[in-house]
Amino acid sequence: MARTATVERNTLETRIRVSVNLDGTGKSQFDTGVPFLEHMMDQIARHGLIDLDIFCKGDLHIDDHHTVEDIGITLGQAFAEAIGDKKGIVRYGHSYVPLDEALSRVVIDFSGRPGLSFNCDFTRASIGKLDTQLFWEFFQGFVNHAVCTLITSRVLTPTTRLRRFSRRLVGRCGWRLKWILVWRALCHPLKALCNILL
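Residues numbered from 1 in each chain as written. Predicted model: local features only at pLDDT ≥ 70, side-chain atom pairs only at ≥ 80, totals over all residues. Heavy atoms only, no water.

Description of the confidence of the model for the chain
And then number 1: This prediction gives the chain a mean pLDDT of 79; 76% of its residues lie at or above 70.
And then number 2: This model gives residues 178-198 a pLDDT under 50, and the stretch forms 25 contacts once residues within four places in sequence are excluded. (pLDDT = per-residue confidence, 0-100. Contact = heavy atoms within 4.5 Å.)

Remarks on the packing of helix α2 (residues 65-83) against helix α3 (residues 133-146)
And then number 1: Across the interface, α2 lies against α3 with an axial gap of 7 Å and an inter-helix angle of 30 degrees. By the angle between their axes, α2 is roughly parallel relative to α3. At the point where α2 passes α3, the crossing takes the right-handed sense. From α2, H65, V68, E69, I71, G72, I73, L75, G76, Q77, F79 and A80 reach across to α3, where they touch L134, E137, F138, G141, F142, H145 and A146.
And then number 2: Looking at the contact of α2 with α3 residue by residue, the classes come out as 10 nonpolar, 6 polar and 2 charged. (Axes fitted to C-alpha atoms, helices over the stretch in contact; angles between N-to-C directions. Helix = DSSP H or I, 4+ residues; strand = E, 2+ residues; numbered from the N terminus. Parallel < 35°, antiparallel > 145°, perpendicular 65-115°, else oblique. Left-handed = near helix turned anticlockwise from the far one by under 90°. Nonpolar A, V, L, I, M, F, W, Y, C, P; charged D, E, K, R; others polar.)

Section: the packing of aromatic side chains
And then number 1: Under the criterion given, the structure shown has 4 aromatic pairs.
And then number 2: Consider the rings of F138 and F139, whose centres lie 5.1 Å apart with planes at 85 degrees: the pair is edge-to-face.
And then number 3: On the basis of relative accessibility, which here comes to 2%, the residue F139 falls in the buried class.
And then number 4: An aromatic cluster is defined as three or more aromatic residues linked by ring pairs; in this entry it consists of F118, F138 and F139. (Phe/Tyr/Trp six-rings, centres within 6.5 Å; stacked < 30°, edge-to-face > 60°. Buried < 20%, exposed > 50% of the residue type's maximum accessible area, 1.4 Å probe, protein only.)

With respect to the sheet that holds strand β2 (residues 14-21)
And then number 1: The 4 strands lie next to each other as β1-β2-β4-β3, forming an open sheet whose pairing is mixed. In this open sheet, the two edge strands, each paired with only one partner strand, are β1 (4-10) and β3 (28-31). Between one strand axis and the next, the sheet turns through 5 degrees on average, direction left out of account.
And then number 2: In terms of strand pairing, β3 meets strand β4 (residues 51-58) through 4 bridges, oriented parallel. Across the sheet, the residue bridging to Q29 is D53, located in β4.
And then number 3: Contacts between helix α1 (residues 35-48) and the sheet are confined to β3 and β4, with β3 contributing the most and set at about 160 degrees to the helix.
And then number 4: Strands in contact with α2 are β1, β2 and β4; relative to β1, the strand with the most contacts, it is inclined by about 145 degrees. (Pairing = 2+ DSSP bridges.)

This is the structure we're talking about:
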């Protein structure tokens, strides 16, 4: 069974279409008008081996808020639809990723209960033109509509590393969730090695 979904969401502020293939190869295509958000989602696709195609026409003449939040909502809806009844997935996953002197962790659980603990304190108000507070809005929209729990924590200082971690870790957690349950018993002895290699 293909784990794919296409979701459209239209409001007064945004028109969005999201297509996701959870069994993809990491291909992505974006047209959102928010370059750094596109860069972040490309990292989620690439590191999670998830194909993403996202189009959004939003009220960017006002600000990025509705666009970023509504993309998170629609992406969450697409994930929930693609996962379906959750048969054949490992419900939860985690990833630790080092980068130079920094270490970050993300834990995700498709529990059917939304929750977000986003422990990333930014040292500046924006990255490029994107307000850093909108990262929380994006992930809050995602978890509410994917109906999952997402917990992030980190030990780092540079903001550039913080943004890299957030997207790479979410991608890695998504990749781990793609394992078929039949393989779980075979993978347990290799789990420690996989965590080191990934």
